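These are the residues of each chain, in order.
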Amino acid sequence: MRHGRVIHPFSGCLERHEHQHRAVMESPALKLSLYGYAYCPYCARVTREIERSGIDVEMVDTLRNPEARDQLYRELGRGTVPVLRIQAGGVERWLPESRDIIQYLRERFKA
Ligand SMILES: N[C@@H](CCC(=O)N[C@@H](CS)C(=O)NCC(=O)O)C(=O)O
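Residues numbered from 1 in each chain as written. Predicted model: local features only at pLDDT ≥ 70, side-chain atom pairs only at ≥ 80, totals over all residues.

1. Overview of the overall build of the protein
Selection rule: By definition, any uninterrupted DSSP run of H or I lasting at least four residues is a helix, any uninterrupted run of E lasting at least two residues is a strand, and each is numbered from the N terminus. The exposure scheme places C-beta atoms from the backbone and then counts, for each residue, the other C-beta atoms within 10 Å of its own, assigning buried at 20 or more, exposed at 12 or fewer, and partly exposed in between. The contact criterion used here is simple: two residues whose C-beta atoms, placed from the backbone, lie within 7 Å are in contact.
For the protein, the helix and strand inventory stands at four helices and five strands. Helices (α) and strands (β) of the protein occur, in sequence order from the N terminus, as β-α-β-α-β-α-β-β-α. Of all 111 residues assigned to the protein, the portion counted as buried reaches 30%. The contacts in the protein between residues at least 6 apart in sequence include a share of 67% that link residues at least 24 apart.

This is the structure we're talking about:
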């Protein structure tokens with residue numbers, strides 16, 4: 001089984017795994033950041049998918065980082081998490097809703 005790496009994990013969710021960094025190898029220009037916080041069940045669903053799929057994703061804790069929460073309000077008009085920030089080739093996309101994030105990850109990083 002392959003495990004993804006949770007970079008800068010949410011507090012209370014510290015998990016590190018040895019694994020291959022597929023996303024980095026396949027798409028060096030791609031950066032993924034998951035905005036959320038520990039004890040958010042919808043965030044946990046997404047985090048599990050990240051760990052299953054072998055993708056490197058930076059974790060941005062919106063409870064501990066008010067600037068990150070403000071960023072969500074600026075971009076999406078609300079602070080609801082999880083939100084996946086996708087940066088690729090100078091283009092940025094903000095993807096809310098756990099189901100949509102999981103679907104994106106499964107389609108983008110098919111096993
Ligand atoms: N339908 C959303 C629900 C997300 C949700 O309810 N998130 C909670 C935390 S678990 C939240 O951010 N609540 C605070 C808010 O909406 O400002 C999803 O599946 O992502």
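2. So, the pairing of strand 4 (residues 83–88)
Quick reminder of the rule: By the convention used here, strands pair only if DSSP detects at least 2 bridges between them.
By the bridge criterion, six bridges tie strand 2 (residues 30–36) to strand 4 in an arrangement that is antiparallel. From the neighbouring strand, leucine 30 faces strand 4, where its bridge partner is alanine 88. Adjacent in sequence and paired antiparallel, strand 4 and strand 5 (residues 91–96) are bridged by two residues, among which glycine 89 carries a positive phi angle near 55°.

3. Overview of the site of the ligand
To be explicit about the condition: As used in this record, a residue near a molecule or strand is one whose C-beta atom, placed from the backbone, is within 6 Å of it. Only Asp, Glu, Lys and Arg are considered charged in this grouping, and only Ala, Val, Leu, Ile, Met, Phe, Trp, Tyr, Cys and Pro are considered nonpolar; every other residue, Gly among them, is considered polar.
All residues in the neighbourhood of the ligand are listed as Cys40, Pro41, Tyr42, Arg78, Gly79, Thr80, Val81, Pro82, Glu97, Ser98 and Arg99. Of all the secondary structure elements, the ones that give two or more residues to the shell around the ligand are helix 2 (41–53) and helix 4 (98–108). When grouped by side-chain class, the residues that make up the shell around the ligand number five nonpolar, three polar and three charged.

4. A short note on the nonpolar core
Basically, it comes down to this: As used here, a nonpolar core is made of buried Ala, Val, Leu, Ile, Met, Phe, Trp, Tyr and Cys residues. They are joined through C-beta atoms within 7 Å.
Ranked by size, the top nonpolar core spans 20 residues in total, and within it Leu34, Tyr35, Val46 and Val57 carry the most contacts. Elements with a minimum of two residues in this core: strand 2, helix 2, strand 3 (56–61), helix 3 (66–76), strand 4 and helix 4. In this view, leucine 34 contacts Val46, Val57, Met59, Val60, Pro82 and Leu84; residues no more than four positions away in its chain are not counted.

5. Some thoughts on the pairing of strand 5
In terms of burial, strand 5 is a largely surface element, zero of the six residues being buried. Where strand 4 meets strand 5, six bridges bridge the pair, whose relative direction is antiparallel. By the bridge assignment for strand 5, isoleucine 86 is matched with arginine 93.

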